[in-house]
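A closer look at the structure
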Amino acid sequence: MKRPTLEAVAARAGVSRATVSRVVNGLSTVAPHIRETVLHAIDELGYVPNSAARSLVTQRTDSIALVVSEPPTRVFSEDPLFATVIRSASIELEAADKQVVLMLASSARSHARVERYIAGGHVDGAMLISMHGADPLPAALARLRVPVVSYGRPAVPVDIPYVDNDNVGGAETAVRRLVELGRRRIATIAGPQDMIGGQDRLTGYRNVLRDSDRRSIVAVGDFTRESGAVAMRQLLHDDPALDAVFVANDLMAVGALQSLRQAGRRVPDDVAVIGFDDIEAAKYTDPPLTTIRHPVTEQAAAMVALLLTHLEGAPTPPVILPTELILRESA
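Presented here is a report on the structure given in the accompanying data block. (Residues numbered from 1 in each chain as written. Predicted model: local features only at pLDDT ≥ 70, side-chain atom pairs only at ≥ 80, totals over all residues. Heavy atoms only, no water.)

**Observations concerning unusual backbone geometry**
Selection criterion: Strands are runs of DSSP state E lasting at least 2 residues, helices are runs of H or I lasting at least 4, and numbering of each runs from the N terminus.
Going from V267 to P268, the amide bond is cis rather than trans, its omega being 10°. Looking along the chain, the bond that leaves D286 and enters P287 is cis, with omega of 0°. Its location among the elements puts P287 in the loop between β9 (272–277) and β10 (290–293). Positioned with a positive phi, D278 is a non-glycine residue whose angle comes to about 60°.

Shown next as structure tokens:
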């Protein structure tokens with residue numbers, strides 16, 4: 001069957017083609033009774049607007065790029081952060097009648113591809129996730145004047161809106177808890193230092209120890225379980241007497257608990273452990289993990305709300321969400 005046209009809808013409704021076009025594109029310059037007549041004709045004929053033609057009129061694609069600066073092996077891994085952010089953002093965008101375009105950017109070639117795609121006008125805006133220090137996309141998209149929002153404060157000095165959680169304050173709360181428990185040799189497994197989350201959580205750890213008579217004991221991981229296990233073994237080698245560890249995310253904490261168990265250290269009797277994020281698995285570790293709740297779902301929803309505000313040209317100040325200490329048996 002031949003696809004119904006604007007002209008066919010106009011003939012059925014007894015109005016001009018221009019009037020049908022205004023109704024299809026959501027313009028408010030059509031009288032309510034005429035709009036109803038046109039919509040009835042559209043329903044009768046089964047007319048479906050041409051999205052390309054509509055975009056020429058509205059200057060909108062109703063599509064948003066969700067750009068994750070990680071390789072597929074990291075995004076589609078055991079780390080629940082990415083799935084939660086992608087799912088939560090997609091739900092919020094669907095409610096706003098927007099289409100999500102997922103793009104992975106972990107190399108210079110993929111960064112250039114993403115930049116070309118967004119610069120080509122295929123999306124109305126972009127949301128950036130898991131950016132590392134050398135990531136060129138924030139500055140490149142800012143130069144293009146494309147509406148962009150970052151999940152987390154950008155690691156490079158660029159003027160784009162962002163939504164973050166209180167990484168420093170959350171880490172301070174965790175380490176204060178260990179100090180209050182009377183732990184004397186408090187180590188940390190920090191996250192990657194080319195990411196703001198890793199930097200800020202290490203800052204929070206050091207802030208608390210600076211105000212006490214305890215020294216910093218630091219190993220660095222990359223937010224994966226294996227890196228947490230390796231870092232914990234390193235810490236035990238460097239300071240066998242340590243009696244507590246703050247781990248910058250729960251996935252690394254799971255690896256740390258494994259290394260402590262293999263080393264014959266009891267948790268929390270010998271070594272107290274606190275993580276960060278409150279992933280689902282934190283409830284089921286042995287022992288269950290005390291952690292800092294990072295409001296991932298709320299942060300993703302706030303990121304979408306900020307971008308939608310940005311698309312309308314309204315002010316978009318940064319949003320910082322609070323964290324919460326979740327007490328379980330590990331500390």
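**Quick notes on the pattern of salt bridges**
So the rule is basically this: The term salt bridge refers to a pairing of a side-chain nitrogen on Lys or Arg with a carboxyl oxygen on Asp or Glu at a separation within 4 Å. Exposure classes here rest on a 1.4 Å probe applied to the protein chains alone. A residue is buried below 20% of its type maximum, exposed above 50%, and partly exposed in between.
The tally for this structure, following the rule as stated, stands at 17 salt bridges. A salt bridge links E78 to R225, with the nearest nitrogen and oxygen atoms 3.2 Å apart. Here E78, found in the loop between α5 (72–75) and α6 (80–95), pairs with R225, found in helix α11 (residues 225–238); they are 147 residues apart in sequence, far enough to count as distant. Taking the relative accessible area as the measure of exposure, R225 reaches 36% and is therefore partly exposed.

**Describing the packing of helix α2 (residues 17–24) against helix α3 (residues 32–45)**
This is how the line gets drawn: Note on geometry: axes are lines fitted to C-alpha atoms, helical ones only across the stretch in contact, with angles between N-to-C directions running from 0 to 180 degrees. Note on terminology: angles under 35 degrees are roughly parallel, angles over 145 are roughly antiparallel, angles of 65 to 115 are roughly perpendicular, and the others are oblique. Pairs of residues are marked as contacts when any of their non-hydrogen atoms sit within 4.5 Å. Charged means Asp, Glu, Lys or Arg here, nonpolar means Ala, Val, Leu, Ile, Met, Phe, Trp, Tyr, Cys or Pro, and polar covers whatever is left, Gly included.
Direction vectors running N to C along α2 and α3 enclose 85°, while the axes themselves pass 10 Å from each other. Put simply, α2 runs roughly perpendicular to α3. Two secondary-structure elements touch here, α2 through T19, V20, V23 and V24 and α3 through I34, R35, V38, L39 and I42. Looking at side-chain class alone, the contact of α2 with α3 contains seven nonpolar, one polar and one charged residues.

**Regarding the pairing of strand β4 (residues 148–151)**
Stated formally: At least two bridges found by DSSP between two strands is the condition for calling them paired. For a crossover, the right-handed case is the one in which the path from the first strand over the helix to the second runs clockwise, viewed with the strands pointing away from the viewer.
Side chains of β4 alternate between two faces, with V148 and S150 and V149 and Y151 buried alike. By the bridge criterion, four bridges tie strand β3 (residues 125–129) to β4 in an arrangement that is parallel. Within the sheet, the bridge partner assigned to A126 lies in β4 and is V148. Running through helix α8 (residues 137–143), the crossover from β3 to the neighbouring parallel element β4 is right-handed. Where β4 lies against strand β5 (residues 162–165), two bridges are found, and the strand directions are parallel. Looking at β5, one finds that S150 is bridged to Y162.

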